[in-house]
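One letter stands for each residue in the lines below.
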Amino acid sequence: IAEYPHKTRFHEIAHVVLGHTKEHTLMDSETTPRDIREIEAESCSYILCQLLDLGGASESRGYIKSWLRGRNEIPSKSAQRIFGAVDKILKAGQ
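Residues numbered from 1 in each chain as written. Predicted model: local features only at pLDDT ≥ 70, side-chain atom pairs only at ≥ 80, totals over all residues. Heavy atoms only, no water.

> Explain the pattern of salt bridges to me, please; I cannot follow it from the model alone.
Pairs can form between side chains of opposite charge whenever their charged atoms are close. As enumerated under the stated definition, the model contains four salt bridges in all. Residue K7 pairs with E42 through a salt bridge whose shortest N-O separation is 3.0 Å. Linking K7 in helix 1 (residues 5-17) with E42 in helix 2 (residues 34-51), this pair joins segments that are 35 residues apart in sequence. This pair shows no difference in class: K7 is buried, exactly as E42 is. (Salt bridge = Lys/Arg side-chain N within 4 Å of Asp/Glu carboxyl O. Helix = DSSP H or I, 4+ residues; strand = E, 2+ residues; numbered from the N terminus. Buried < 20%, exposed > 50% of the residue type's maximum accessible area, 1.4 Å probe, protein only.)

Okay, structure coming up:
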């Protein structure tokens, strides 16, 4: 039903690659806040859609902006994680 199924697929794959889906099983360590998880996953989706010339970039920007909630920028640590995940996803698709 998603207007851009590839964008949604990239977002969900990014959650897995970023380790967000394992966090609920970790009892002794901190989990990533939901807003950061969503920003990271959707940023991966945005970059992948742009690199592969697929639609949905404008919707991704809006989704990212909604989760930023007044932040001026994506945290540096998250940016590193995003680019690392994008690289892994692209390599897996080759």
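Further notes follow.
> Please explain the state of the cysteines as it appears in this structure.
Put plainly, two cysteines are in a disulfide when a covalent bond ties their sulfur atoms together. Following the criterion strictly, the structure yields zero disulfides and no others. Among the cysteines around C44, which has no disulfide bond, C49 carries the closest sulfur, lying 11 Å off. With a relative accessible area of 0%, C44 lands in the buried category. (Disulfide = S-S within 2.5 Å.)

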